[in-house]
Amino acid sequence: MVDVAVPETLSANAEIGKMAFEAKCAACHGANAAGQDGVAPPLVHKIYEPSHHGDTAFLLAAKNGVRAHHWRFGNMPPVEGVTDGDVKMIVAYVRELQRANGIN
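Before going into details, it helps to say that this report is about the structure given with it. None of the values given here were measured: they were computed from a predicted structure.

When its secondary structure is counted, the protein shows four helices and zero strands. Walking the protein from its N terminus toward its C terminus, one meets helices and strands in the order α-α-α-α. For 104 residues, the compact-globule formula gives about 13 Å, and the C-alpha radius of gyration of the protein, at 12 Å, lands near that figure. A principal-axis box enclosing the C-alpha atoms of the protein has dimensions of 35 × 25 × 25 Å. A separation threshold of at least 6 residues defines the contact pool for the protein, and within that pool the share at least 24 residues apart is 63%. Accessible area for the protein stands at about 6,100 Å²; split by element, carbon and sulfur atoms hold 53% of it.

Next up on the list: the side chain of Arg-95. With respect to the helices, strands and loops of the structure, Arg-95 is situated in helix 4 (residues 84-100). At a separation of 2.9 Å, a polar atom in the side chain of Arg-95 contacts the side chain of Asp-55.

Turning next to the pattern of salt bridges. Applying the stated rule across the entire model yields three salt bridges. When the shortest N-O distance is used, the salt bridge between Asp-84 and Lys-63 registers 3.4 Å. Residue Asp-84 is found in helix 4, and its partner Lys-63 is found in helix 3 (residues 55-64); the two are separated by 21 residues along the sequence. The exposure class of Lys-63 is partly exposed, given its relative accessible area of 48%.

A word on helix 3. Regarding helix 3, the residues found buried are Phe-58, Ala-61 and Ala-62. Seen along its axis, helix 3 keeps its buried residues to an arc of 95°; they face one direction. Turned more than 90 degrees away from the buried face of helix 3, the exposed residues are Thr-56 and Asn-64. Residues of helix 3 that are buried in the fold lie against helix 4.

Within the secondary structure layout, His-53 lies in the loop between helix 2 (26-29) and helix 3. Of note is the side chain of His-53, whose polar atom sits 2.8 Å from the backbone oxygen of Ile-47. Side chain to side chain, His-53 and His-52 meet in a polar contact 3.0 Å long. Not counting residues within four places of it along the chain, the set of residues in contact with His-53 comprises Ile-47, Tyr-48, Phe-58, His-69, His-70 and Arg-95.

Going through the model one piece at a time under the given rule, you end up with three aromatic pairs. Arranged with centres 5.6 Å apart and planes meeting at 55°, the rings of Phe-21 and Tyr-93 form a pair that is tilted. Taken together, the residues span a long stretch of sequence, with Phe-21 in helix 1 (residues 12-24) and Tyr-93 in helix 4 at a distance of 72 residues. Summarising the burial analysis for this pair, Phe-21 and Tyr-93 share the class buried. On the numbers, 6.4 Å between centres and 55° between planes, the contact of Tyr-48 with Phe-58 is tilted. One end of the pair, Tyr-48, is in the loop between helix 2 and helix 3; the other, Phe-58, is in helix 3, and ten residues separate them in sequence. Phe-58 sits in the buried class, given a relative accessible area of 12%.

Quick notes on the rules
Residues numbered from 1 in each chain as written. Predicted model: local features only at pLDDT ≥ 70, side-chain atom pairs only at ≥ 80, totals over all residues. Heavy atoms only, no water. Helix = DSSP H or I, 4+ residues; strand = E, 2+ residues; numbered from the N terminus. Rg over C-alpha atoms; globule rule 2.2 N^0.38 Å. Contact = heavy atoms within 4.5 Å. Areas by Shrake-Rupley, 256 points an atom, 1.4 Å probe, with all protein chains shown as cover. Polar contact = N/O pair within 3.5 Å; in protein donor to acceptor, adjacent residues only side chain to side chain. Salt bridge = Lys/Arg side-chain N within 4 Å of Asp/Glu carboxyl O. Buried < 20%, exposed > 50% of the residue type's maximum accessible area, 1.4 Å probe, protein only. Arc of directions from axis to C-beta. Phe/Tyr/Trp six-rings, centres within 6.5 Å; stacked < 30°, edge-to-face > 60°.

Structure, rendered in structure tokens:
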């Protein structure tokens, strides 16, 4: 859905998060969190900047699911099989992608 510039290098935590993202999130949110038309929104988007959706929002979304409120993709179900630690690493990855795309 969006073009995502990928940083040349990622921190160790973001590398771990990338693997977890690819295993648990990319099927819906797309490669590099770019979103997928008709499936799920991009996470590399101003809506998900830290001042609007803090890191805890990602943890709660994975744990409890999310009622649709910014996009028309429908509700997001809870993500099975991810721990709080997994989500913390996934957030590190998403935040580094966001920063590489001017979202701070």
